[in-house]
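The lines below spell out each chain.
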Amino acid sequence: MTVKISHTAAVQQFFEEAAGLGNEAGRTRLKRIMQRVLQDTARLIEDLEISEDEFWHAIDYLNRLGGRGEAGLLVAGLGIEHFLDLLQDAKDQQAGLVGGTPRTIEGPLYVAGAPIAEGEVRMDDGSEEGVATVMYLEGRVLDPQGRPLPGATVDLWHANTRGTYSFFDQSQSGYNLRRRIVTDAEGRYRARSIVPSGYGCDPQGPTQECLDLLGRHGQRPAHVHFFISAPGHRHLTTQINLAGDQYLWDDFAYATRDGLVGEVVFVEGPAGRHGELQFDFQLQQAQDGADEQRSGRPRALQEA
């Protein structure tokens, strides 16, 4: 027989006390959020008849997840980060804010303070020369009317040929494959880099452990991340996912969206084979100063 007590006045009062609603200290909004977390957790335990063993295995999992720093990865893998994009899309549509390049997830691997250059830059440190294929990535940043935006900042980062990122992969030099480019008078940016590889979750890590139990893989297609910003325009968090990758429409992080697929065209030149990828970004007009700023989520290092 199922026993439920979470709805009773005594338990509800208990949760109010545990959430700090009975005192004047602390933060009111956090108290309300915590009260809801406690109430919903209790209902989940009752409705699905979670056993004590299941509960404490879940707590152990959260400990291991945090210990490996994979909470951001799991949030992406369970589609919660994509849901935040869908929710913001719906809010924008309701407010009449449409058009421009689609947003998509940031992911957990951004590092602030990458070197900045005007117009054009080389992103790789040459450590994969002879292994990686050179890629020239270029395009324009445009305003809502399709006019070029000079002085916009294109902050981009991507993986190497092994699917790993500098800072998190200690074998790479600092800020390898991470740069900021200020667009030129024609709104153009250009980067010499390498064709990135997709990546998979650590097979021994807690994120993949969860995905295995859900019967899901933990693979991402090759992609390039972007923050695009310009005065008077909404900050854009997005990424280009590369056409032809087997996981393009089967991304475990649900980041691939219509309008965000780029094709690398391979060319034979005097210096050998290289790839060319062209992609323009169109920004929306900012409604206020807050629109110009990226989200305040904690990230590696401090902003430069």
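Structure shown above.
All of the points below concern the structure found in this document. Please read all numbers here as calculations on a predicted model, not as lab measurements.

### Here's the deal with the pattern of salt bridges
Pairing between side chains becomes possible if they bear opposite charge and their charged atoms approach one another. Considering all chains together, one arrives at 27 salt bridges under this definition. Two residues, Asp 202 and Arg 68, come together in a salt bridge whose shortest N-O distance is 2.5 Å. Placement of Asp 202 in the loop between strand 6 (188–194) and helix 6 (206–213) and of Arg 68 in the loop between helix 3 (52–67) and helix 4 (71–77) is noted, with a sequence separation of 134 residues between them. A salt bridge links Asp 89 to Arg 257; the nearest nitrogen and oxygen atoms lie 2.6 Å apart. Within this pair, whereas Asp 89 is found in helix 5 (residues 80–95), its partner Arg 257 is found in the loop between strand 8 (236–242) and strand 9 (261–262), the two being separated by 168 residues in sequence. Residue classification places Arg 257 among the buried positions, given a relative accessible area of 16%. Sharing partners across several salt bridges, the network here consists of Asp 89, Asp 92, Arg 103, Arg 234, Arg 257 and Asp 291.

### Considerations on unusual backbone geometry
Located in the positive-phi region is Tyr 175, a residue other than glycine, with phi close to 65°. Position of Tyr 175 relative to the elements: it lies in the loop between strand 4 (153–158) and strand 5 (178–182). Under the relative-accessibility criterion, Tyr 175 is labelled partly exposed at 23%. Positioned with a positive phi, Tyr 254 is a non-glycine residue whose angle comes to about 60°. Structurally, Tyr 254 can be placed in the loop between strand 8 and strand 9. The partly exposed category is assigned to Tyr 254, whose relative accessible area is 37%.

Criteria and cut-off values
- Residues numbered from 1 in each chain as written.
- Predicted model: local features only at pLDDT ≥ 70, side-chain atom pairs only at ≥ 80, totals over all residues.
- Heavy atoms only, no water.
- Salt bridge = Lys/Arg side-chain N within 4 Å of Asp/Glu carboxyl O.
- Helix = DSSP H or I, 4+ residues; strand = E, 2+ residues; numbered from the N terminus.
- Buried < 20%, exposed > 50% of the residue type's maximum accessible area, 1.4 Å probe, protein only.

Nothing here speaks to function; it is all geometry.
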